[in-house]
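# Survey of secondary and tertiary structure
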Amino acid sequence: MTQRAKIDTDGELSRPGDAGKRTHVVHRVAGLTSAEVAERVARGEVNDVPLRSSRSTADIVRGNVFTRFNAIIGVLWAIMLVVAPIQDSLFGFVIIANTGIGIVQELRAKKTLDGLAVIGEAKPTVRRDGVAGEVSTSEIVLDDLIELGPGDKIVVDGEVAEADSLEVDESLLTGEADPVLKKPGDPMMSGSFVVAGGGAFTATKVGREAYAAQLAEEASRFTLVHSELRSGISTILKYVTWMMVPTAIGLIISQLVVKDTDFQESVARTVGGIVPMIPEGLVLLTSVAFAIGVIRLGRKQCLVQELPAIEGLARVDVVCLDKTGTLTEGGMDVTELRALNGSDEAYVRKVLGALGESDPRPNASLQAIIDAYPDSVDWRCTESLPFSSARKYSGAAFSEGDGENSTWLLGAPDVLLPAGDPTLKETDHLNEQGLRVLLLARAAAELDSPEVAEGARPTALVVLEQRLRPDAADTLAYFADQNVAAKVISGDNAVSVGAVAGKLGLPGAAHTVDARRLPSEQAAMAKELDDNAVFGRVSPQQKRDMVGALQSRGHTVAMTGDGVNDVLALKDADIGVSMGSGSEATRAVAQIVLLNNSFATLPSVVAEGRRVIGNITRVATLFLTKTVYSVLLAILVVCSQVEYPFLPRHLTLLSTLTIGVPAFFLALAPNKERAKPNFVKRVMRYAIPAGIVAAAATFATYLLARSHYSGTGALDAETSAATLTLFLVSMWVLAIVARPYTWWRIALVAAMGGAFLLVLVVPWLQDFFALKLVGVTMPWTAVAIAAVGSALLEAAWWWVDRRFPA
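Residues numbered from 1 in each chain as written. Predicted model: local features only at pLDDT ≥ 70, side-chain atom pairs only at ≥ 80, totals over all residues. Heavy atoms only, no water.

Here the focus is the pattern of salt bridges. Scanning all chains against the criterion turns up 23 salt bridges. One salt bridge in this structure joins Lys527 and Asp531, with 2.8 Å as the shortest N-O distance. Of this pair, Lys527 and Asp531 both sit in helix H17 (residues 522–531), four residues apart, which is roughly one turn of the helix. Given a relative accessible area of 46%, Lys527 falls into the partly exposed group. Taken together, the shared-partner salt bridges in this structure form one network comprising Asp414, Asp514, Arg516, Arg517 and Arg537. (Salt bridge = Lys/Arg side-chain N within 4 Å of Asp/Glu carboxyl O. Helix = DSSP H or I, 4+ residues; strand = E, 2+ residues; numbered from the N terminus. Buried < 20%, exposed > 50% of the residue type's maximum accessible area, 1.4 Å probe, protein only.)

Structure (structure tokens):
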């Protein structure tokens, strides 16, 4: 039912910047005095929920240091420091360095996030000593009087003190989509937001006592969990642990009990077999990649409120765009006023001036009218009806200076007029030019009547020109190039929306769909959405339904918006993106906030997400190949009852050159490929065959070397030959993972090969790493076996690509 507010003209409040002009307020309340605020602060009655955009420093250190694998490696490192030379303990120093890098990068990300969060933090308007002013959310005290307007989020629990057609959406708390009309004395729940009208409420619960405080704190926390990438890595680590424990026990028994060799040597080789099974660097590298992503996006004034949003946007294949504020800039200009039915233009200008003055919280369209038409001081507003997205119009009743009374409506012509009205043809012609048209109509019924729009007499058309964002066309072209479907979903007139989309070169703009004719059944709606790109006259609930319909077809959906009518859809979308200048409610539910209000920042976010996901998938293959061949080598050693071929120093060297250093660079490289699902499957389908080939080739070389060498120093020679084979096969895995080649990727692979060659030819490095190739036959045999292994790798990956496509 259409609602109204009776205006009490006893209280008047000047709008900032409009000295001398009047707006009408219901039951003006002065708010707390400064002394009362100070008393409440002293008693601790403050909204002290901290701004949580990131983990605390202690959490970051704890999360990076106290991990399951760090504990295992720490114990093994302590053992090695006692029983073996320092070079066999290098793996411990590597872990310390890696953990330090992780902590530093995440602290940098925290600093970036915290700084951006302060910039983007909503500042409620609080009335104290009779004066309204903005304060941070944490400065609100008990009994504060907080003013509200459309789009404002209710930040603490309270009770309505003033209401001017105040409509509040509580769907985020109750699930009920219909706005609730609030009157003085009604409760206000934190987490809800204003959709129409205005007013003020008194804070009755602040801090952690507020209904949504804990929820809001948790939702805005910097987190590295709840994403496919992170859960996939956790799944892999769980499987690795299951494989590692029995294999390690078997290896310990084999080396310490079955083999009658030097105790310290046996311990060193046992540890050498266990350490490489742990893909400890994979978790670190994921954290670092995400953290660096946050820092890079922060430099572009993009606040990532939930870290997995970087990953989510990389997987997006449909992006839904609201026209106003996204494709167009917020401001508008009145370009023409067309009087209808013989109306006097001077009189129409008076009406528009009075209408502009009747709303203390004008939207962009009304603000353009306020700028174009000054208020008529002799007109008095007696009732007002604020604009709402559901109604598509606003209104006001006036007592004119000459004693006449009139009621006026301003809104969408196709909503206020019946189908077939001749005025609509004129409007359609203007809409086809991409112009926005509002109809001024004189209502025949009272403003509080549910049929107020029926029988309204068209009086004038107000033609507004929207300012296109200069970067919108390039951004839409980017999405098209990246195979991301763009859907323009707007509450504006369908023809006008199509014209704007057409100016920006969006494919399908010529076939705009009026959402009022869309089927309500989800499957049928999804088909319409797949077949078309531009939709007008979409209601807030329809936006939400459209997101759900797209998701029902397996699409990963991003939604952008800046108004209260976008909140429900933003919350339901896989990724919600809000403009920094958008309403407080949209910023609260969005995972990503573009603080610079630039739609052109979105490609950077998409690119960053694709870089992170694509590259982590790529380097995960390196880490897990090492895990697979380490487990298989340990099993082969146990079954064959031979000494484990490697000391920790050998595998530290190999891991550093074939995984650690290359992975760091590969993880930070550009990557434009859209992220694909099934992370675990996609990684393991390469890592398992690569690990099997590497283990088989290495163990074959080791067994041949055992039959070739004898006498003192034979084990060192056998280890050196096996190390050469394992290094060459691992390098081939790196060479495959590094494709497609660029100059720096080739240089990276070549540098790692050169570093290993340096170890083989420099005498003191030979001694340090216990690597010295003996003779000619066995080293060349090792190279030949590695070549066969590399050929098998190529064949195996070719077969996997066809047998198990991603």
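Okay, the nonpolar core next. Grouped together as the largest cluster of nonpolar side chains are 130 residues, with contacts concentrated most on Leu313, Ile592, Phe599, Phe756 and Trp797. It is helix H21 (residues 602–640) that provides the largest number of residues to this core, a total of 16 residues. Setting aside residues up to four positions removed in sequence, Phe756 forms contacts with Leu653, Leu654, Leu657, Thr723, Leu724, Phe727 and Leu771. (Core = buried A, V, L, I, M, F, W, Y, C linked by side-chain atoms within 4.5 Å. Contact = heavy atoms within 4.5 Å.)

Quick look at the sheet that holds strand S19 (residues 485–489) now. If you trace the eight strands from one edge of the open sheet to the other, you get S11-S24-S23-S22-S12-S19-S21-S20, paired in mixed fashion. Edge positions in the open sheet fall to strand S11 (302–304) and strand S20 (513–514), since each of these has one partner strand only. Sheet topology note: the strand S12 (residues 318–321)/S19 ladder contains four bridges and is parallel. Its bridge partner being in S19, Val318 is matched across the sheet by Ala485. Docked against the sheet, helix H16 (residues 494–503) engages S19, S20 and strand S21 (534–536), running at close to 145 degrees with respect to S21. (Pairing = 2+ DSSP bridges. Axes fitted to C-alpha atoms, helices over the stretch in contact; angles between N-to-C directions.)

The next subject is the environment of Pro662. By the secondary structure assignment, Pro662 is in helix H22 (residues 648–667). Residue class for Pro662 comes out buried when judged on its relative accessible area of 0%. Between the C-alpha atoms of Pro662 and Val619, which are 43 residues apart in sequence, the distance is 8.5 Å.

A word on H21. Here H21 contains 39 residues, and its C-alpha end-to-end distance of 57 Å stays within 8% of the 57 Å for a straight helix at 1.5 Å per residue. Of all 39 residues making up H21, 32 are buried, and the element is well covered by its neighbours. Positive phi appears at Gln641, one or two residues downstream of H21, with a value of about 55 degrees. (Expected span 1.5 Å × (residues − 1).)

This part covers the pairing of strand S7 (residues 157–169). Within S7, twelve of the 13 residues are buried, which leaves it mostly tucked inside the rest of the structure. One ladder, built from ten bridges, connects S7 with strand S10 (residues 193–205); its direction is antiparallel. Note that in S10 the partner of Val168 across the bridge is Val194. As judged from the two bridges shared by S7 and strand S9 (residues 187–188), these two strands associate in the antiparallel manner. When the bridges of S9 are listed, Gly158 appears paired with Met188.

All right, on to a nonpolar patch on the surface then. Nonpolar side chains collect at one region of the surface, where Leu81, Val82, Ile86, Phe93 and Ile96 lie side by side and expose about 480 Å² of accessible area between them. For the nonpolar patch, the secondary-structure elements that each account for two or more residues are helix H3 (68–83) and helix H4 (90–120). With respect to the helices, strands and loops of the structure, Leu81 is situated in helix H3. (Patch = residues over 30% accessible without salt bridge, like charges linked within 9 Å, V, L, I, M, F, W, Y side chains within 5 Å. Areas by Shrake-Rupley, 256 points an atom, 1.4 Å probe, with all protein chains shown as cover.)

What follows covers the packing of aromatic side chains. Centre-to-centre distance and the angle between the planes together describe a pair of aromatic rings. This structure, assessed with the given rule, holds eleven aromatic pairs. Ring centres 5.8 Å apart and planes at 50 degrees place the aromatic pair Tyr347 and Trp379 in the tilted group. In this pair, Tyr347 is assigned in helix H11 (residues 345–358) and Trp379 in the loop between helix H12 (364–372) and strand S14 (380–385), connecting sequence segments 32 residues apart. Overall, the relative accessible area of 25% leaves Tyr347 in the partly exposed class. (Phe/Tyr/Trp six-rings, centres within 6.5 Å; stacked < 30°, edge-to-face > 60°.)

What follows covers the pairing of S10. A regular strand places its side chains so that they alternate between the two faces of the sheet. Where burial is concerned, most of S10 is hidden: ten out of the 13 residues are buried. Relative to S10, strand S6 (residues 145–148) is paired through four bridges, and the arrangement is antiparallel. In the strand pairing of S10, Leu148 is matched with Gly199.

The next subject is the packing of H21 against H22. Two numbers describe how H21 lies on H22: the axes approach to 9 Å, and their chain directions differ by 175 degrees. With respect to H22, the axis of H21 lies roughly antiparallel. Mapping the contact onto sequence places Arg611, Asn615, Arg618, Val619, Leu622, Phe623 and Lys626 in H21 and Ser655, Thr658, Ile659, Ala663, Leu666 and Ala667 in H22. Partitioning the contact of H21 with H22 into residue classes produces seven nonpolar, three polar and three charged. (Parallel < 35°, antiparallel > 145°, perpendicular 65-115°, else oblique. Nonpolar A, V, L, I, M, F, W, Y, C, P; charged D, E, K, R; others polar.)

In this structure, Pro740 follows Arg739 across a cis peptide bond, with omega equal to -5 degrees. Assignment of secondary structure puts Pro740 in the loop between helix H24 (714–737) and helix H25 (743–761). The backbone of Asp129 shows a phi angle near 55 degrees, a positive value even though the residue is not glycine. Notably, Asn483 is not glycine yet its phi reads approximately 60 degrees, a positive angle. The class for Asn483 is exposed, based on a relative accessible area of 62%.

Turning to the side chain of Lys487, a few remarks are in order. Mapped onto the secondary structure, Lys487 falls in strand S19. One buried charged residue, Lys487, remains without a salt bridge, the closest side chain of opposite sign being Asp530 at 5.0 Å. Setting aside anything within four residues of it in sequence, one finds Lys487 in contact with Val318, Val319, Cys320, Leu321, Leu529, Asp530, Asn532 and Ala533. (Lys, Arg positive; Asp, Glu negative; His and termini not counted.)

Another aspect to go through is the packing of H17 against helix H18 (residues 540–552). The N-to-C vectors of H17 and H18 enclose an angle of 85 degrees; their axes lie 8 Å apart at closest approach. As far as their axial angle goes, H18 and H17 are roughly perpendicular. Contacts between H17 and H18 involve Gln522, Met525, Ala526, Leu529 and Asp530 from the first element and Asp545, Met546, Gly548, Ala549, Leu550 and Ser552 from the second. For the contact of H17 with H18, the per-class residue count stands at six nonpolar, three polar and two charged.

Note that Pro276 resides in the loop between helix H8 (263–274) and helix H9 (280–299). It is 6.9 Å that separates the C-alpha atoms of Pro276 and Leu651, two residues lying 375 residues apart in sequence. Setting aside its immediate chain neighbours within four residues, Pro276 contacts Val271, Lys626, Thr627, Ser630 and Leu651.

A separate point is the confidence of the model for the chain. Detailed reading of predicted coordinates is not advised where the pLDDT is low. Of all residues in the chain, 89% attain a pLDDT of 70 or more, and the chain-wide mean is 81. Every residue in residues 1–27 scores below 50 in pLDDT, and together they form 68 contacts with partners more than four places removed in sequence or on other chains. A low-confidence stretch, residues 214–226 (pLDDT under 50), is modelled with 32 contacts involving residues beyond four sequence positions or located in other chains. (pLDDT = per-residue confidence, 0-100.)

Within the secondary structure layout, Arg618 lies in helix H21. Here Arg618 falls in the buried class, since its relative accessible area comes to 15%. Engagement of the side chain of Arg618 in a polar contact is seen with the backbone oxygen of Val737, the distance being 2.4 Å. Setting aside its immediate chain neighbours within four residues, Arg618 contacts Leu666, Asn671, Val737, Ala738, Arg739, Pro740 and Arg745. (Polar contact = N/O pair within 3.5 Å; in protein donor to acceptor, adjacent residues only side chain to side chain.)

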